[in-house]
Amino acid sequence: MAIKKKRYALVIDSRKCINCKACVVACKAENKVPVGNFRNRINEERKGEYPKLSINFEPEQCHHCTDPSCVRVCPTGASWQRKDGIVLVNYDECIGCRYCMIACPYDARYFNEEEGVVDKCTFCSHRVDKGDIPACVETCPSKVRVFGDLEDPTNRIHELLSTRRYRVKEPQTGNGPQLYYLL
Amino acid sequence: MHEFNWGLLIVVYLFLGGLSAGLFFAAGLANYLTVDDKPVYARVARMGALLAPWPVAIGSGLLILDLGNWYRFYKLFLHFRWQSPMSIGSWLLTVFTLIAFLYLFAWLKEDERKWIFSKIPATWKQVHRLNVDISSWREKIAMVGFPFSIGVGIYTGVLLGAVSARPFWNTNLVAQMFLFSALSSGAAALLLAMILDRKNPIEKHETKFLVTLDVVFISLELFIILPYIIHGQLSSQAVKDALTLILGGPYTVVFWVFFLFLGLLVPLAIEVYELFPSIFKGREFHGSRNMALTAAGLVLFGGFLLRYIFVYAGQMSSFHRMGMLQ
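Residues numbered from 1 in each chain as written. Chains lettered and ligands numbered in written order. Predicted model: local features only at pLDDT ≥ 70, side-chain atom pairs only at ≥ 80, totals over all residues. Heavy atoms only, no water.

Chemist: Would you mind going over the overall build of chain B with me for this structure?
Modeler: Within chain B, the regular secondary structure consists of 12 helices and 2 strands. Each helix and strand of chain B, placed in order from N terminus to C terminus, yields the pattern α-β-β-α-α-α-α-α-α-α-α-α-α-α. The C-alpha atoms of chain B give 21 Å as radius of gyration, which agrees with the globular expectation for 326 residues (20 Å, within 12%). Counting every position in chain B, which comprises 326 residues, the buried fraction comes to 52%. Within the structure as shown, chain B displays about 14,900 Å² of accessible surface, and the carbon and sulfur contribution to it stands at 67%. Distance from the positive charge centre (25 side chains) to the negative charge centre (18 side chains) of chain B: 6 Å. (Helix = DSSP H or I, 4+ residues; strand = E, 2+ residues; numbered from the N terminus. Rg over C-alpha atoms; globule rule 2.2 N^0.38 Å. Buried < 20%, exposed > 50% of the residue type's maximum accessible area, 1.4 Å probe, protein only. Areas by Shrake-Rupley, 256 points an atom, 1.4 Å probe, with all protein chains shown as cover. Lys, Arg positive; Asp, Glu negative; His and termini not counted. Charge placed at Lys NZ, Arg CZ, Asp CG, Glu CD.)

Structure below.
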C-alpha cells in the first residue's frame, strides 16, 4: 500500500460557537497544560449597544502554517514541522529564547516557566497518530470544529472548503495559516 | 493577554552588543588614520581596543541568563540555521568577541602583557606560549574585525526587523537605524572614557576626531529615523497602526522627548556647536570638557532608549490586534 501524503487542517464554523470553553478545558486536561497557560482560546468580539448588538466568538490556536515563521526563526531547530504539517516543539532542543513566540503572528505559543521551554498546540499529534481526532474537536458540543486531512478528497473538510465560503486570519504575513474559518 | 516575552535583559544586551561594535569600529578607524605612517589617534585606538570586548562579553552573558534553560546555550553552536537571525547572530557575536579580545591583546603594552601572564601559574606552559608581541598585527586585526563589527551592529537590528509578525519592526530601516546608533554610541563611549581618564588627559585633536565621528553617525541615524516614520505612515495599515505606539501611543513621550530630542538632537546640537567655529570660522577647536561629557552621556542614554522603545513597542505591535492596546 502506498503511503499517502497528509496535510492536517482545522475548519472552524465560528457562528456555531457558544463560548462554552469546553475546548479550552479539554485541551488543558488532555495535554496537562500548566495553570495560567493555554494552548487554545476563544476570542470575543462585541459590537454595538443594546438593542443593536452583536457578539462573535472565534476559537483560535496554533494555525499550523504551511510556512511557519516560528520554525524559520528558531536558532536550534527545536521548532519544527512534520511532513503532515503539524508544527511541534522538540523540548530537548529548546533553549527558551522565546524568539518563536515573538515571531508568531497569532500569539499561539506560551512559555512553560517550570520547564523553561516554549510550548504550543500539537493538534493532539499523539491522538491523531492513533487515528483519533484532537481533544478540542472531540469535545466541542456545538460541532464548531472539523479536523481532517486536506489531501484526502473523501474527508469532510474537503467538502466544507469546496462548498462553503471561508477565510484565514492574517494571510498577509505569508505564513499560510491552516485554520479555516467558515463565513 | 499579550505579554512581553523579551524584557530589559534583551534591551541591555542589544545596547551592549551595539556599543562594542561601535567601540571596535571607532578604534579600528583611529588605527588607520595616519600621518607619515604614524597613527595620529593611537591613544584613541588603544582606549577603544581596551574597552571594545567587554560590553559584548557582558551582554552575551545576560543573553544566556535570559534563556529559559541557560545551560542549554551551547545548543546554539551545535546548529547553524541560516534562516534564523538568532543563529547567524550567535556565531557572529562569538567570532566578533574573539577578534575584539585579540585586538585588545595586540594593544597591550609589554609590561601589561607580562603582568597578566605573571598571574598565570608557571606550570601552564601551553598558555605561556601565547605571551607574544602581536602589536604589528593591529592593522590586520582591525581590518578583519571591521566587517564583523558592522555585522554585530546591524545584526541587533536584523534580529528584530526580520520578524514578519511585528509590523513595528518589520521594515528594512530598523537594521540600519540600530547600526548607526551602535556606531554613534561607540564613538560617544570612547569620548566619555577618554575624558574621564585623568591620567592621560585627552588632547584637542582627539576630542575633535571623536566629536566629528559622532556627528556623522548621529546624522546618519537621524536620516534613517525620519524615513522610518515617513515610510511607515505611507505603508500598509498594520505598519501605520504600529506607528501609533510612538505617535500618540504609550511610547510617544519617551520616543520624541527623551530619545529623539534629548538623546539625539541635543547632543548633535552640542557637537555641532563645538565644531562650528573651528570649521567655518577658522578658529582653534576648544573642546569644552563639560560639553563633550554631556553630549557623550546623552548619546549613550539615547542609544539605550532606542533599544528600549523598539524592544517593547515592537512586541506590542501585531497584525491581528494591537496587543495590549485594547
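Chemist: What exactly am I supposed to notice about the packing of helix H2 (residues 42-51) of chain B against helix H4 (residues 85-107) of chain B here?
Modeler: Axis angle and axis distance: for two packed helices, these are the angle between their axes and the distance between the axes, and together they describe the pair. Residues and elements named next belong to chain B. Across the interface, H2 lies against H4 with an axial gap of 8 Å and an inter-helix angle of 135°. Considering their axes alone, H2 and H4 lie oblique with respect to each other. At the point where H2 passes H4, the crossing takes the left-handed sense. Touching Ala42, Ala45, Arg46, Ala49 and Leu50 of H2 are Ala100, Tyr103, Leu104 and Trp107, all from H4. (Axes fitted to C-alpha atoms, helices over the stretch in contact; angles between N-to-C directions. Parallel < 35°, antiparallel > 145°, perpendicular 65-115°, else oblique. Left-handed = near helix turned anticlockwise from the far one by under 90°. Contact = heavy atoms within 4.5 Å.)

Chemist: Explain the nonpolar core to me, please; I cannot follow it from the model alone.
Modeler: A general trend in soluble globular proteins is that nonpolar side chains are found buried together. Ranked by internal contacts, the top residues of the largest apolar core, which has 107 residues, are B:Trp6, B:Tyr103, B:Phe168, B:Tyr228, B:Tyr251, B:Phe259 and B:Phe310. If we ignore the near neighbours within four places in the chain, the residues touching B:Trp6 are A:Cys97, A:Arg98, A:Tyr99, A:Ile102, B:Met86, B:Leu159, B:Leu160, B:Val311, B:Tyr312 and B:Gln315. Core analysis: the second largest hydrophobic core is formed by 25 residues, A:Tyr106, A:Ala108, A:Val137 and A:Leu179 among them. (Core = buried A, V, L, I, M, F, W, Y, C linked by side-chain atoms within 4.5 Å.)

Chemist: Please explain the state of the cysteines as it appears in this structure.
Modeler: What makes a disulfide is a covalent bond joining the sulfur atoms belonging to two cysteines. All names here are of chain A. In this structure the tally under the stated criterion is 0 disulfides over all chains. Just so you know, Cys27 is unpaired, no disulfide at all, and the nearest cysteine sulfur is the one on Cys124, 6.2 Å from it. The structure places no disulfide on Cys70, whose sulfur is separated from the nearest cysteine sulfur, that of Cys104, by 6.3 Å. Of the residues examined, Cys70 reaches a relative accessible area of 9% and is grouped as buried. (Disulfide = S-S within 2.5 Å.)

Chemist: I'm lost on the environment of B:Ala106 in this one. Help?
Modeler: Residues and elements named next belong to chain B. Tracing the sequence through the fold places Ala106 in helix H4. Along the chain, Ala106 and Leu8 lie 98 residues apart, while their C-alpha atoms are 34 Å from each other. With residues near it in sequence (within four places) discarded, Ala106 still touches Ile134, Ser135, Arg138 and Ile141.

Chemist: Help me understand helix H11 (residues 252-280) of chain B in this model?
Modeler: Since the α-helix turns once every 3.6 residues, residues separated by three or four places project in the same direction. All names here are of chain B. Look at H11: only 36 Å from first C-alpha to last across 29 residues, short of the 42 Å you get at 1.5 Å a residue. Where H11 bends most, the angle comes to about 45°, and this point is Phe261. Two residues or fewer past H11, Gly282 is found with a positive phi of approximately 70°. (Expected span 1.5 Å × (residues − 1). Bend = angle between axes of the 7 residues up to and from the residue.)

Chemist: Sorry, what's going on with helix H8 (residues 174-196) of chain B here?
Modeler: Helix length check: H8(B), at 23 residues, gives a terminal C-alpha distance of 32 Å against a target of 33 Å (1.5 Å per residue), a fit within 8%. The element H8(B) is largely enclosed, with a buried count of 20 among its 23 residues.

Chemist: When you look at the packing of aromatic side chains in this model, what are you seeing that I'm missing?
Modeler: Each pair of aromatic rings is reported with the distance of its centres and the angle of its planes. Residue and element names in this part refer to chain B. Counted according to the given criterion, the structure contains 25 aromatic pairs over all chains. Between Phe4 and Tyr312 the ring centres are 4.8 Å apart and the planes differ by 80°, which places this aromatic pair in the edge-to-face class. Linking Phe4 in the segment before helix H1 (8-32) with Tyr312 in helix H12 (residues 289-316), this pair joins segments that are 308 residues apart in sequence. Given the relative accessible area of 32%, Phe4 is considered partly exposed. (Phe/Tyr/Trp six-rings, centres within 6.5 Å; stacked < 30°, edge-to-face > 60°.)

Chemist: Teacher, can you tell me more about the sheet that holds strand E8 (residues 145-149) of chain A here?
Modeler: Pairing between sheet strands relies on hydrogen bonds along the backbone, with the strands arranged either parallel or antiparallel. All names here are of chain A. Strand order in the open sheet made by the 4 strands is E8-E1-E10-E9, with mixed pairing throughout. Strands with a single pairing partner mark the edges of an open sheet, and in this sheet they are E8 and strand E9 (166-167). In terms of strand pairing, strand E1 (residues 8-12) meets strand E10 (residues 179-182) through 3 bridges, oriented parallel. Bridged to Val11 within E10 is Tyr180. Sitting on the sheet, helix H6 (residues 156-163) touches E1, E8, E9 and E10, and the angle it makes with E8 is about 110°. (Pairing = 2+ DSSP bridges.)

Chemist: When you look at the interface of chain A and chain B in this model, what are you seeing that I'm missing?
Modeler: Reports of interface size often rely on the accessible area that becomes lost once the parts have come together. Counting from both sides, the interface comprises 32 residues of chain A and, opposite them, 29 residues of chain B. Broken down residue by residue, the surface that chain A buries against chain B is led by A:Arg72, A:Tyr99 and A:Ile102, which jointly contribute 27%. Applying the counting criterion to the chain A and chain B interface returns 3 salt bridges. With a closest N to O distance of 2.9 Å, B:Arg166 and A:Asp107 form a salt bridge. (Buried area = accessible area lost by both parts, 1.4 Å probe. Salt bridge = Lys/Arg side-chain N within 4 Å of Asp/Glu carboxyl O.)

Chemist: Even after reading the chapter, I still don't get a nonpolar patch on the surface, so can you show me in this structure?
Modeler: All names here are of chain B. A contiguous nonpolar patch, built from Leu247, Val253, Trp256, Val257, Phe258 and Phe301 and spanning about 480 Å² of accessible area, is present on the exposed surface. The biggest single contributor to the nonpolar patch is H11, with 4 residues. Tracing the backbone through its elements, the reader meets Val253 in helix H11. (Patch = residues over 30% accessible without salt bridge, like charges linked within 9 Å, V, L, I, M, F, W, Y side chains within 5 Å.)

Chemist: Help me understand the pattern of salt bridges, please; the structure alone is not making it clear to me.
Modeler: Side chains that differ in sign of charge can pair as their charged atoms come close. All names here are of chain A. Taken as a whole and assessed by the stated rule, the structure comprises 19 salt bridges over all chains. Measuring nitrogen to oxygen at the nearest pair gives 2.9 Å for the salt bridge that ties Arg46 to Glu44. The class for Arg46 is exposed, based on a relative accessible area of 63%. Take Glu44: its relative accessible area is 40%, and that puts it in the partly exposed class. Notably, a salt bridge pairs Asp129 with Arg82, separated by 2.9 Å at the nearest N-O pair. Taken together, the residues span a long stretch of sequence, with Asp129 in the loop between helix H4 (125-128) and helix H5 (135-139) and Arg82 in the loop between strand E4 (79-81) and strand E5 (87-89) at a distance of 47 residues. Residues joined by salt bridges that share partners form a network here, namely Arg41, Glu58, Glu60, Arg167 and Lys169.

Chemist: It is not clear to me how the environment of A:Tyr110 should be interpreted in this structure. Could you clarify?
Modeler: Residues and elements named next belong to chain A. By the secondary structure assignment, Tyr110 is in strand E6 (residues 110-112). The buried category is assigned to Tyr110, whose relative accessible area is 5%. Each C-alpha atom of the pair Tyr110 and Phe38 lies 7.3 Å from the other, and the pair is 72 residues apart in sequence. Apart from the residues within four sequence positions on either side, Tyr110 is in contact with Val33, Pro34, Asn37, Phe38, Arg39, Met101, Val117, Val118, Asp119 and Lys120.

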